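A closer look at the structure
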Amino acid sequence: EAGVAQSPRYKIIEKRQSVAFWCNPISGHATLYWYQQILGQGPKLLIQFQNNGVVDDSQLPKDRFSAERLKGVDSTLKIQPAKLEDSAVYLCASSLSGAQPQHFGDGTRLSIL
Amino acid sequence: ELKVEQNPLFLSMQEGKNYTIYCNYSTTSDRLYWYRQDPGKSLESLFVLLSNGAVKQEGRLMASLDTKARLSTLHITAAVHDLSATYFCAVDTNTNAGKSTFGDGTTLTVKP
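These remarks concern the structure in this document. (Residues numbered from 1 in each chain as written. Chains lettered and ligands numbered in written order. Predicted model: local features only at pLDDT ≥ 70, side-chain atom pairs only at ≥ 80, totals over all residues. Heavy atoms only, no water.)

Okay, the overall build of chain B next. What chain B contains, in helices and strands, is zero helices and 11 strands. Scanning chain B from its N terminus toward the C terminus, one meets helices and strands in the order β-β-β-β-β-β-β-β-β-β-β. For chain B, buried positions account for 45% of its 112 residues. Counting contacts in chain B only where the partners sit at least 6 residues apart, residues at least 24 apart contribute 54% of the total. Of the charged side chains in chain B, 11 are positive and 11 negative; the average position of the first set lies 2 Å away from that of the second. (Helix = DSSP H or I, 4+ residues; strand = E, 2+ residues; numbered from the N terminus. Buried < 20%, exposed > 50% of the residue type's maximum accessible area, 1.4 Å probe, protein only. Contact = heavy atoms within 4.5 Å. Lys, Arg positive; Asp, Glu negative; His and termini not counted. Charge placed at Lys NZ, Arg CZ, Asp CG, Glu CD.)

With that out of the way, let us pick up the environment of Gly16(B). All names here are of chain B. Position of Gly16 among the secondary structure elements: in the loop between β2 (10–14) and β3 (19–25). Residue class for Gly16 comes out partly exposed when judged on its relative accessible area of 48%. In sequence terms Gly16 and Pro112 are 96 residues apart; their C-alpha atoms lie 8.7 Å from each other.

Assignment of secondary structure puts Pro61(A) in the loop between β6 (53–56) and β7 (65–68). Residue classification places Pro61(A) among the partly exposed positions, given a relative accessible area of 30%.

The subject of this paragraph is the pattern of salt bridges. Going through the model one piece at a time under the given rule, you end up with five salt bridges over all chains. Here Asp56(A) and Lys99(B) are joined by a salt bridge, their closest N and O atoms 3.3 Å apart. Taken together, the residues Asp56(A) in strand β6 and Lys99(B) in the loop between β9 (85–92) and β10 (101–102) connect one chain to another. The class for Lys99(B) is partly exposed, based on a relative accessible area of 24%. For Arg31(B), the salt bridge goes to Asp92(B), with nearest N and O atoms at 2.8 Å. A residue pair is termed long-range when its members are at least 10 positions apart, and Arg31(B) in strand β4 (residues 31–37) and Asp92(B) in strand β9 qualify at 61 residues. Accessibility expressed as a relative area gives 1% for Asp92(B), which makes it buried. (Salt bridge = Lys/Arg side-chain N within 4 Å of Asp/Glu carboxyl O.)

Contacts between chain A and chain B engage 23 residues on the former and 18 residues on the latter. Regarding the contact of chain A and chain B, the summed buried area is about 1,500 Å², with carbon and sulfur atoms giving 50% of it. Taken together, the links from chain A to chain B amount to one salt bridge. Inspection of the region where chain A meets chain B yields seven residue pairs in polar contact (both at pLDDT 80 or more). Those elements that place two or more of their residues in the side of chain A that touches chain B are β4 (31–37) and β5 (44–50) of chain A. Ranked by residue count, the leading element in the side of chain A that touches chain B is β4(A), at three residues. When its residues are assigned to classes, the side of chain A that touches chain B shows eight nonpolar, 11 polar and four charged. (Buried area = accessible area lost by both parts, 1.4 Å probe. Polar contact = N/O pair within 3.5 Å; in protein donor to acceptor, adjacent residues only side chain to side chain. Nonpolar A, V, L, I, M, F, W, Y, C, P; charged D, E, K, R; others polar.)

Glancing now at the side chain of Ser29(B). All names here are of chain B. Mapped onto the elements of the fold, Ser29 is located in the loop between β3 and β4. There is a polar contact of 3.2 Å between the side chain of Ser29 and the backbone oxygen of Thr27. Not counting chain neighbours up to four residues away, the residues in contact with Ser29 comprise Leu2, Val91, Asp92 and Thr93.

Residue and element names in this part refer to chain A. Spatially, the four strands line up as an open sheet ordered β1-β3-β8-β7, and their pairing is antiparallel. Edge strands, defined here as strands with exactly one partner in the open sheet, are β1 (5–7) and β7. Within this sheet the neighbouring strands show an average axis-to-axis angle of 15°, counted without direction. As paired strands, β1 and strand β3 (residues 19–24) are joined by three bridges and run antiparallel to one another. Bridge pairing in β3 links Gln6 to Cys23. (Pairing = 2+ DSSP bridges. Axes fitted to C-alpha atoms, helices over the stretch in contact; angles between N-to-C directions.)

In short, geometric facts, not functional conclusions.
As structure tokens, then:
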């Protein structure tokens with residue numbers, strides 16, 4: 001079975017620019033997650049989708065971050081404008097449902113200059 | 001607010017030795033996960049523990065759960081270099097299924 005696909009793998013931008021990440025979950029997985037992992041820390045959940053609806057976005061900084069999963073399959077996460085503290089790895093994960101183990105993609109490493 | 005604490009955060013051990021990583025969480029939870037992360041790679045699911053007293057083993061790793069103490073342990077037996085990685089525990093609840101809260105990880109280095 002193909003895993004969770006993410007792109008790009010690396011991105012370098014200047015502060016105040018915008019950036020977008022893409023995620024394609026494992027086929028058939030209804031639940032999709034975006035995490036932020038700052039160096040030396042565990043992943044922090046930003047947003048959880050069930051099909052094309054948002055289950056939880058309580059930790060998403062909505063003034064600059066947005067995410068969508070319009071057709072209930074792939075998803076995009078956008079940051080606009082980026083700040084220095086957004087430098088992190090952004091991980092996408094998917095699962096059959098919220099109570100099932102999550103499968104993670106390789107992540108996008110974002111560096112803000 | 002659910003908090004998850006792991007200790008130690010860094011662990012250096014000799015091949016062939018045994019050691020235990022601890023994961024404490026602050027409120028009642030329904031699922032506890034252990035993940036492995038190699039440098040520059042993503043997280044790989046190792047174990048899911050669902051009930052008090054649950055024990056799971058895979059190779060040299062054994063995970064257990066004590067829900068009364070809100071404690072999980074990951075025991076490493078006769079460590080080998082290939083086990084060098086960062087290990088994370090994470091917990092979630094049935095009312096927030098999937099909203100996992102992660103610890104900050106234990107970075108394990110196994111030396112020959």
